[in-house]
Amino acid sequence: MSATETSAAEAGPSATPVVADTAKPDTNTRVLNTRVLRHRLVDRIYHWLMAASVFILMGTAFFPIMGWKFEWVSLHWITGVVLTLLVLIHIVRALFWQDWRAMLVDGADIRDGVRSMRSALGGRGPAPGKPGKYKILQKLYHLAIAILVLSIIASGLLMLLKIDTPLWRRNPYWFDNDTWGVIYSVHGFAALAMITLVMIHIYFALRPEEWWLTRSMFRGTISPKEYAEHCDASRWRAEDRA
Amino acid sequence: MTRGFEAMALFRYATSLYGDSNVVIGASWDLLPWFVAAGATFIILHAVVKAIAGRRHHAG
């Protein structure tokens, strides 16, 4: 790649159009002249609002347990309701405006995942193919986070029955003690597992080879070179930012 | 080590109004360090595997 291409590709979304890396293009790689749109503004706003909500929820959940006492209940349930609304918007948007199939694990993902693991462990065999918009680990991570967040939201909404708010009066008699125990346990275990998954998410976001993905969650776009290097155009048809 | 596992409870318990002391009221917060440790272990293992694979790739 020439110096001109490098500077243009790294200059940001407002940069002048760049020439795609055509030195060794895949046979099915479409040559792009502009940066490739990966995450629309609304999706980036959703991601960062969700991140803020999760951090507030984890802080208000675990800091008091670790000994930092403060009035955490109001901030916790209000943020929980905000997270619930965000997730509902995301589900509707994913179903009707986005390609939700892009997040499903398919046969090619499994084949390439096995090849990647074999390659990482020093084995021989065919090289893994490129993923579409998301790698198999991203899809599995999304599935795990979806299960945890939906479990937390479902149990959390039921737990709202136990507190007085300006919108409703508490009624803890909806369920017996054993059922409340199950609801609180689901909420607690899912919240604990969230710690592990959030740690892993931040770790991958900070790894240098994943910076192109992290940058795209700020800028919204990736460069034509990044698209050609990391993605199979037949599995993710790029959307020109222009 | 064994004593540590034996002492670690998976759930929090309370006594009900009727004197039943085995009422589950939620997940045990003693598990918090274990979930943090699980995340840290994954990160360290992944970083080590990637470093070894990268070195092998450069050597090859």
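Note that the structure is predicted; figures quoted are calculated from it, not measured.

### Topic: the overall build of chain B
For step 1, the next point in the chain: Counting secondary structure elements, chain B contains two helices and two strands.
For step 2, the next point in the chain: Its helices and strands taken in sequence order, chain B reads α-β-β-α from the N to the C terminus.
For step 3, the next point in the chain: For chain B, contacts bridging at least 24 residues in sequence account for 6% of all contacts bridging at least 6.
For step 4, the next point in the chain: About 4600 Å² of surface is accessible on chain B, with carbon and sulfur atoms providing 66% of the total.

### Re the packing of helix H2 (residues 41-65) of chain A against helix H3 (residues 73-96) of chain A
Residue and element names in this part refer to chain A.
For step 1, the next point in the chain: Close contact between H2 and H3 brings their axes to 9 Å; oriented N to C, the two are set at 150 degrees. Regarding the angle of H2 to H3, the classification is roughly antiparallel. Judged by the twist between their axes, the crossing of H2 over H3 is left-handed. Contacts between H2 and H3 pair Val42, Asp43, Tyr46, Leu49, Met50, Ser53, Ile56, Leu57, Thr60 and Ala61 from the former with Leu75, His76, Thr79, Gly80, Val82, Leu83, Leu86, Val87, His90 and Arg93 from the latter.
For step 2, the next point in the chain: Within the contact of H2 with H3, the residues separate by chemical class into twelve nonpolar, six polar and two charged.

### Topic: helix H7 (residues 211-219) of chain A
Residue and element names in this part refer to chain A.
For step 1, the next point in the chain: For H7, the complete set of buried residues consists of Trp212, Leu213, Ser216 and Met217. Summarising the axial view, the buried residues of H7 lie within an arc of 145 degrees, below the 170-degree limit, and thus occupy one face.
For step 2, the next point in the chain: Residues of H7 that are buried sit in contact with H2, helix H5 (136-159), strand E2 (221-222) and helix H8 (224-230).

Scoring rules and cut-offs
Residues numbered from 1 in each chain as written. Chains lettered and ligands numbered in written order. Predicted model: local features only at pLDDT ≥ 70, side-chain atom pairs only at ≥ 80, totals over all residues. Heavy atoms only, no water. Helix = DSSP H or I, 4+ residues; strand = E, 2+ residues; numbered from the N terminus. Contact = heavy atoms within 4.5 Å. Areas by Shrake-Rupley, 256 points an atom, 1.4 Å probe, with all protein chains shown as cover. Axes fitted to C-alpha atoms, helices over the stretch in contact; angles between N-to-C directions. Parallel < 35°, antiparallel > 145°, perpendicular 65-115°, else oblique. Left-handed = near helix turned anticlockwise from the far one by under 90°. Nonpolar A, V, L, I, M, F, W, Y, C, P; charged D, E, K, R; others polar. Buried < 20%, exposed > 50% of the residue type's maximum accessible area, 1.4 Å probe, protein only. Arc of directions from axis to C-beta.

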